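Structural overview
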Amino acid sequence: MDKQKKTVFIVDDVLTNLIVGKKVLEKQYNVFTFNAGQRLLDMLDNLHPDLILLDISMPEMDGFETLTRLKANEKTANIPVVFLSAITDKDTMMVARHYGVSDYITKPFQPVDLLLRVENQIKLMELAPMSAASVPAASVPVAPVSAPAASVAPISAPAAPVLVASTSDAPAGLLPEGHKKYDLQIPVPNEGLLYERKITCPLCGVVFMGNAVRSTKLKLIQREKDFRNRHDGIDTVYYEINTCPSCCYSNFDTSFKDVVLPRFEKNKAEISPYIGQINGVFEKYYMALKCQALFFAHSEVNTAKLWTRLMWLYQDCPDEEMELFAAKNAQTSYLDAFVKTELSAEAIQQICVIVGELSLRLNDIPTAKTYFTQARSHRSGSRALISQAEDGIETIRKMEQKG
Ligand SMILES: [Zn+2]
């Protein structure tokens, strides 16, 4: 091994590819070849390459899995990785980008092209040695896929949390009018309350690592009148939406199991322009609203839930104007749900109370009165909800006496 030369690892299960790659690069670099991801990982304890060329389609451990493990290990997270693959579809390339690859070379490659791209990566690395920033700009998220939010998860997080409330250059056409740039501090959850899990996108089928709240460990401190649950150590509203890195499909974690109606397939094109731009918590919610409308026949209740959560986020900013805007949208969606969606008696009572509370906030007293009264009349329903409805009616009575 020539110490003057940089070291390049090539990982591919096809022997011919290893031979060709080695032949092209060995004049300039120390080249080591591996026919499986696990062999590469085993070797990294002893050798630290300057670059890894990694095939995607390999049996047992594929390129994505290998890359995820490299990025999860502090010692290897900063080694630039270039995918070398015959897969040319955009989805895969986009996902690769989110996994933090530095470049993507399609097979079959021209020898000179391979050489130039490898040189390029080595040069980039020399410009920014040994820091997290040594990963070129094109591959910003260092943590695996789930991108910003995931980097606050206890398992990853080599860098500082990068979850932002609102990006300065937020995607055009996604933010509602009135949305401002907020300096919102995102609370970092206590260890163990958030974890990463494999999620399959119901729209494009890509598997990615998303956030999930460990609900069994949640400790409820307080339930607000508008049903916001305050938990010890985590504010779940910041982590409830996952976004597919490949197609941008966004939704509540649980809704990733729902079947997206196939007749809405053509609507995929509506969300794809935002690929790579959905970073902040607001963007995730806005995209989820878009997806709800595009891909579900009965979207009213979920849409109302999304707006309710946005209302809480605006409250945290605080932005009262947008808070009221969100409250109005939540109220409208819940009222729509009464007309368009089949609801259980239990859900009806709960929604009546929520509509009552939202209407109170909006100073829409007649609506508040109607729905609190209806909720109270569900005598077989929840005691707590009946009592909340009675409180609401009492509040209105006092307001009417005063005014
Ligand atoms: Zn997708």
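Residues numbered from 1 in each chain as written. Predicted model: local features only at pLDDT ≥ 70, side-chain atom pairs only at ≥ 80, totals over all residues.

**Overview of the overall build of the protein chain**
- Scanning the protein chain from N- to C-terminus turns up 13 helices and 11 strands.
- Counting all 403 residues of the protein chain, 39% fall into the buried class. (Helix = DSSP H or I, 4+ residues; strand = E, 2+ residues; numbered from the N terminus. Buried ≥ 20, exposed ≤ 12 C-beta atoms within 10 Å, placed from the backbone.)

**A look at the packing of helix α11 (residues 345-361) against helix α13 (residues 383-402)**
- In contact at an axis separation of 10 Å, α11 and α13 are set at 25° when each is read in the N-to-C sense. Between α11 and α13, the angle is such that the two are roughly parallel. Considering the relative orientation of α11 and α13, their crossing is left-handed. For the pair formed by α11 and α13, the contact residues are Gln349, Gln350, Val353, Gly356, Glu357 and Leu360 on the first element and Leu385, Gln388, Ala389, Gly392 and Thr395 on the second.
- Broken down by class, the residue content of the contact of α11 with α13 amounts to four nonpolar, six polar and one charged. (Axes fitted to C-alpha atoms, helices over the stretch in contact; angles between N-to-C directions. Parallel < 35°, antiparallel > 145°, perpendicular 65-115°, else oblique. Left-handed = near helix turned anticlockwise from the far one by under 90°. Contact = placed C-beta atoms within 7 Å. Nonpolar A, V, L, I, M, F, W, Y, C, P; charged D, E, K, R; others polar.)

**Things to note about helix α1 (residues 15-25)**
- For α1, the set of buried residues is Asn17, Leu18, Gly21, Val24 and Leu25. All buried residues of α1 fall inside an arc of 135° around its axis, so they share one side. Of the exposed residues in α1, the ones pointing more than 90 degrees away from its buried face are Leu15, Thr16 and Lys23. (Arc of directions from axis to C-beta.)

**Description of the environment of glutamate 346**
- Structurally, glutamate 346 is set in helix α11.
- Spatially, the C-alpha atom of glutamate 346 lies 8.9 Å from that of histidine 378, the residues being 32 residues apart in sequence.

**Notes on the nonpolar core**
- Grouped together as the largest cluster of nonpolar side chains are 86 residues, with contacts concentrated most on Val8, Leu53, Cys248 and Tyr285.
- The biggest single contributor to this core is helix α8 (residues 281-295), with nine residues.
- Sequence-distant contacts of leucine 53, defined by excluding residues within four places in its chain, comprise Val8, Phe9, Ile10, Val11, Gly21, Val82 and Leu84. (Core = buried A, V, L, I, M, F, W, Y, C linked by C-beta atoms within 7 Å.)

**A word on the packing of helix α9 (residues 300-316) against helix α10 (residues 320-340)**
- Between α9 and α10, whose axes approach to 8 Å, the crossing angle comes to 165°. Here α9 lies roughly antiparallel to α10, going by the angle between them. Between α9 and α10 lies a crossing of left-handed hand. When α9 is examined against α10, the residues Glu300, Val301, Thr303, Ala304, Trp307, Thr308, Leu310, Met311, Tyr314 and Gln315 are found in contact with a partner set consisting of Met322, Glu323, Ala326, Ala327, Asn329, Ala330, Ser333, Tyr334, Asp336, Ala337 and Lys340.
- For the contact of α9 with α10, the residue count by class is 12 nonpolar, five polar and four charged.

**Considering the pairing of strand β3 (residues 51-55)**
- In terms of burial, β3 is a largely internal element, five of the five residues being buried.
- A two-sided burial pattern is seen for β3, the buried positions comprising Leu51, Leu53 and Asp55 on one face and Ile52 and Leu54 on the other.
- Inspection of the sheet shows strand β1 (residues 7-11) paired to β3 by four bridges, in the parallel sense. Looking at the pairing, isoleucine 10 lines up with leucine 53 of β3.
- Inspection of the sheet shows β3 paired to strand β4 (residues 81-85) by four bridges, in the parallel sense. Directly across from leucine 54, in β4, lies its bridge partner phenylalanine 83. (Pairing = 2+ DSSP bridges.)

**Some points on unusual backbone geometry**
- Residue lysine 107 is joined to proline 108 through a cis peptide bond whose omega torsion reads 0°.
- Relative to the elements of secondary structure, proline 108 occurs in the loop between β5 (103-106) and α5 (111-127).
- The step from cysteine 317 to proline 318 runs through a cis peptide bond, and the omega angle for that step is -10°.
- A positive phi angle is found at phenylalanine 227, which is not glycine, with a value near 75°.
- Residue placement: phenylalanine 227 occurs in the loop between β8 (220-223) and β9 (229-231).
- For phenylalanine 227, a count of 14 C-beta atoms within 10 Å puts it in the partly exposed group.

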